[in-house]
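Inside the fold
Each chain, written out:
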Amino acid sequence: MHPGYGFLSENPSFATALNNHGITFVGPSADAIRLMGSKSESKLTMIKAGIPVIPGYNGSIQDMETLKQEALKIGTPLLIKATFGGGGKGMRLVRDIKDFTELCKSAKNEGKRAFGNDSVILEKFIEKPRYIKWIYHEGTLKFKSSVIPMETMSTFLREIVALKEDIRKLLKKLLLY
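Residues numbered from 1 in each chain as written. Predicted model: local features only at pLDDT ≥ 70, side-chain atom pairs only at ≥ 80, totals over all residues. Heavy atoms only, no water.

A surface patch of nonpolar side chains, about 210 Å² in accessible area, is lined by Leu44, Ile47 and Val53. Looking at the secondary structure, you find Leu44 in helix α3 (residues 39-48). (Patch = residues over 30% accessible without salt bridge, like charges linked within 9 Å, V, L, I, M, F, W, Y side chains within 5 Å. Areas by Shrake-Rupley, 256 points an atom, 1.4 Å probe, with all protein chains shown as cover. Salt bridge = Lys/Arg side-chain N within 4 Å of Asp/Glu carboxyl O. Helix = DSSP H or I, 4+ residues; strand = E, 2+ residues; numbered from the N terminus.)

As a further point, take the packing of aromatic side chains. Here the structure, examined in full by the defined rule, presents one aromatic pair. Measuring from ring centre to ring centre gives 6.2 Å for Phe14 and Phe25, while their planes differ by 80°; the resulting arrangement is edge-to-face. Placement of the pair is Phe14 in helix α1 (residues 12-20) and Phe25 in the loop between α1 and α2 (30-37), with a sequence separation of eleven residues. The pair Phe14 / Phe25 is uniform in exposure class, with both members buried. (Phe/Tyr/Trp six-rings, centres within 6.5 Å; stacked < 30°, edge-to-face > 60°. Buried < 20%, exposed > 50% of the residue type's maximum accessible area, 1.4 Å probe, protein only.)

Counting residues in each nonpolar core, the largest one holds twelve residues, listed as Tyr57, Leu67, Ala71, Ile74, Leu78, Ile80, Val94, Phe100, Cys104, Ala107, Val120 and Leu122. Taken together, the elements giving at least two residues each to this core come down to α4 (64-74), β2 (78-82), α5 (100-115) and β4 (120-124). With sequence-adjacent residues up to four places away left out, Val94 is seen in contact with Thr76, Pro77, Leu78, Ile80, Phe100 and Leu103. Formed by six residues, the second largest nonpolar core is a distinct cluster that contains Phe14, Ala15, Leu18 and Ala30. (Core = buried A, V, L, I, M, F, W, Y, C linked by side-chain atoms within 4.5 Å. Contact = heavy atoms within 4.5 Å.)

Running from N to C, α2 and α3 cross one another at 105°; their axes reach a closest spacing of 5 Å. Considering their axes alone, α2 and α3 lie roughly perpendicular with respect to each other. Only Lys39, Glu41, Ser42 and Thr45 of α3 make contact with α2, whose side of the interface consists of Leu35, Met36 and Gly37. Considering only residue class, the contact of α2 with α3 consists of two nonpolar, three polar and two charged. (Axes fitted to C-alpha atoms, helices over the stretch in contact; angles between N-to-C directions. Parallel < 35°, antiparallel > 145°, perpendicular 65-115°, else oblique. Nonpolar A, V, L, I, M, F, W, Y, C, P; charged D, E, K, R; others polar.)

Function cannot be inferred from these measures alone, as they are strictly geometric.
Structure, rendered in structure tokens:
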């Protein structure tokens, strides 16, 4: 059974129930769905696999004093993210550390209401990210768009293309983890 997208496809209990009744769930395993549902667990898995992640705090100690100390270590700007969030819910941008406590309480409250859990992770906010989406298919890496005119390739993009082998090795490592 293919669960579609969203609600049932992200429910590990649904995947388990189908498998327990001999129905093949077309999608990731229940364990993988559980892992994807927690930003904290996902980041820990990436770190264990040697995959670089955005610096931050994803610990289980969630009292305000600990979170504020970790925020001070990270520095501003930083993002507060609901651990089990999605769609921007439970996410707050902190530009000034004096606003941290209020924004953190707000993120925790929204996470609790929307996802039944008020835990958060903290991440360094990347002001001007450069986003290049790669597709891993049959052992090769490709850009999402199949045609990239050479005249529009920035220096940065050429540097990313030059890193293709390193990215391939990281993906292979992650897929085999």
